[in-house]
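Commentary on secondary and tertiary structure
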Amino acid sequence: MTSPLEQFAAPGTLRPGLWRLVVGVAIILLIWVLWTAAVLAAVALVNLASGMSVDDALTAMQAQIGSGEPLGVILTLLTFAGIWPGTWAALRLMHAQRFATLLSPTGLMRWSEFGTGLLLAVGFWLLTLAFGMALAGAPARSDLPLGLWLAALSPLAVLVFFQASGEELIFRGYILQQLASRYRSPMIWAFLPSFLFGLLHYSGGAGLGIGWHYVAVTTLFGLAAAAMVWRTGSLALAMGMHTGMNMFSLSVVGIDGIIDGTQLFIYDGASARVLFLTDGTATAILLAFVLSPYFPLGRRATA
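Notes on the structure follow. The residue numbers shown here count from 1 along each chain, following its written sequence. Per-residue local features of the predicted model are confined to residues with pLDDT of at least 70, and side-chain atom pairs are confined, for both listing and counting, to 80 or more; whole-chain, interface and lining totals are unaffected and use all residues. Calculation of side-chain values draws on the structure's entire complement of heavy atoms; hydrogens and water are dropped beforehand.

**A word on the layout of surface pockets**
In this structure, the largest pocket encloses a volume near 1300 Å³. Where helices and strands are cited, they refer to DSSP runs of H or I of at least four residues and of E of at least two residues respectively, numbered from the N terminus. Within the residue set of the lining of the largest pocket, elements represented by two or more residues are helix H4 (70–78), helix H6 (111–136), helix H7 (146–180), helix H9 (202–206), helix H10 (211–232), helix H11 (236–251), strand E2 (253–255) and helix H12 (272–291). Among the elements that take part in the lining of the largest pocket, H11 stands out by supplying 6 residues, more than any other. Each residue belonging to the lining of the largest pocket can be placed in one class, and the counts come to 25 nonpolar, 20 polar and 4 charged. Its boundaries defined by the atoms lining it, the second largest pocket holds a volume of some 230 Å³. Lining the second largest pocket are 13 residues, and of these Ser3, Leu5, Glu6, Ala180 and Arg184 sit closest to its centre. Going through the elements one at a time, helix H1 (4–9) and helix H8 (186–199) are the ones with two or more residues in the lining of the second largest pocket. Only protein atoms enter the calculation, which uses a 1 Å grid: trapped sets of points that fit a 1.4 Å probe without letting it out are cavities, open sets showing protein on both sides within 12 Å along at least five of seven lines are pockets, and any residue with an atom within 4 Å of a point is a lining residue. Grid points are joined across faces, edges and corners, and a volume is the space filled by probe spheres set on the points. Note that Gly is not counted as nonpolar here; it falls among the polar residues with everything else outside the nonpolar set of Ala, Val, Leu, Ile, Met, Phe, Trp, Tyr, Cys and Pro and the charged set of Asp, Glu, Lys and Arg.

Here it is, written out as C-alpha cells:
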C-alpha cells in the first residue's frame, strides 16, 4: 500500500544523494538573489531615467523598497518570483525531475484543494481576528485611501500567490519531497524544513522585539502545511492556505512595522506580541485539525 506522502515523495528517488539537495538549495538561493538584484536594478534604472543622479537613484530605490507604501510592498513581493525559476533549475540540473512533480504525483495542480486552502485561511483569520480583538482591541483604520487600496488589490493578489506558493515550493515541495524520499521520520522531513522556514522569518519581527515569536509561529505554520502535504499528497492545499493567509494579512489587517502599507486596518507595534500569541494559538488549532480524523481531505493509501 502506498500512502499519499509516499506517492508525493516518489519523484525524489530519481537521483539519490543528499549532496544533490544541498546543491539544489544553493541553486535556488543563487537564482533568487540574482532575480532580486535585477528587480532592484530595474527600480534604480527607472529612477535614473527620471533624471536622478546615480547616488540619488540608489538612495530613492532603498527608500521605495522600505517605504511602508503599496509600491514598497509590491516590489518586495516581486522579488519572491525568483523562487520559481530557481526551483525549476534545481530540479532539472540536480535531479532530472520535472517541475510539475512538486505539485502532485500526477504533475497536475489540484485547484479544488487550493480553493479549500483559501477557505481554511478565511476561517483561520476569522479566528485570529476574534482572538486579537478580544485581547488587543480593534485595529485602527490605516491612512491608505480606499481607492488606492482597491487599485492595489489585483497586483497584490497575483504577487502574494507567487510569494506564498513559491515558499511552499521550496519548503513543503522541494526540501520536504527530497527528505521524505530518504527518511521516514517526520522530525526530518516535516520539522527540519519547518524550522528552517521559521528561522528565515526571524528578521521580519526583530525590529519590534518579537523575532523569536515570529520564528515560533512560522515554524508551527510550516508543520501545519507539512501535515497538509502528508494528508493529501500534493502542495495545492498548503499553497491555498498560505496564499489566503498572506493576502489577508497584507490587505486587510496588519501590524505596523511588519510589511505594512497595503492594509486597510493596522495594529500598532505595541500589540505585536499579543497578536503573535493569538496567531500561534490559532495555528496550533489548525495543526491539530489537520492531524485529526475529522479533517475532510485525508486520502486513503492505495495499492
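**Considerations on unusual backbone geometry**
Non-glycine residue Ala96 carries a positive phi angle of around 50°. Within the secondary structure, Ala96 is located in the loop between helix H5 (83–95) and H6. Unlike most non-glycine residues, Ile259 shows phi in positive territory, near 45°. Relative to the assigned elements, Ile259 resides in the loop between E2 and strand E3 (265–267).

**A few points about the packing of aromatic side chains**
Each aromatic ring pair is summarised here by two numbers: the centre-to-centre distance and the angle between the ring planes. Two rings from Phe, Tyr or Trp (for Trp, the six-membered ring) form a pair when their centres sit within 6.5 Å of each other. Planes less than 30 degrees apart are called stacked, planes more than 60 degrees apart edge-to-face, and all others tilted. In the structure shown here, the tally under the stated rule is 15 aromatic pairs. When the centroid spacing of 5.5 Å and the interplanar angle of 75° are considered together, the rings of Phe161 and Phe162 count as edge-to-face. In this scheme, a residue with accessible area under 20% of its type's maximum is buried, one over 50% is exposed, and one in between is partly exposed, where area comes from a 1.4 Å probe on protein chains only. Note on Phe162: relative accessible area 32%, which makes it partly exposed. The rings of Trp84, Phe99, Trp111, Phe114, Phe161 and Phe162 are connected pair by pair, giving a single aromatic cluster. Counting as a charge over the ring demands two things of the Lys NZ or Arg CZ atom: a distance within 6 Å of the ring centre and an angle within 35 degrees of the ring normal. Its guanidinium or amino end placed over the ring of Phe197, Arg172 lies 4.4 Å from that ring's centre, counting from NZ or CZ.

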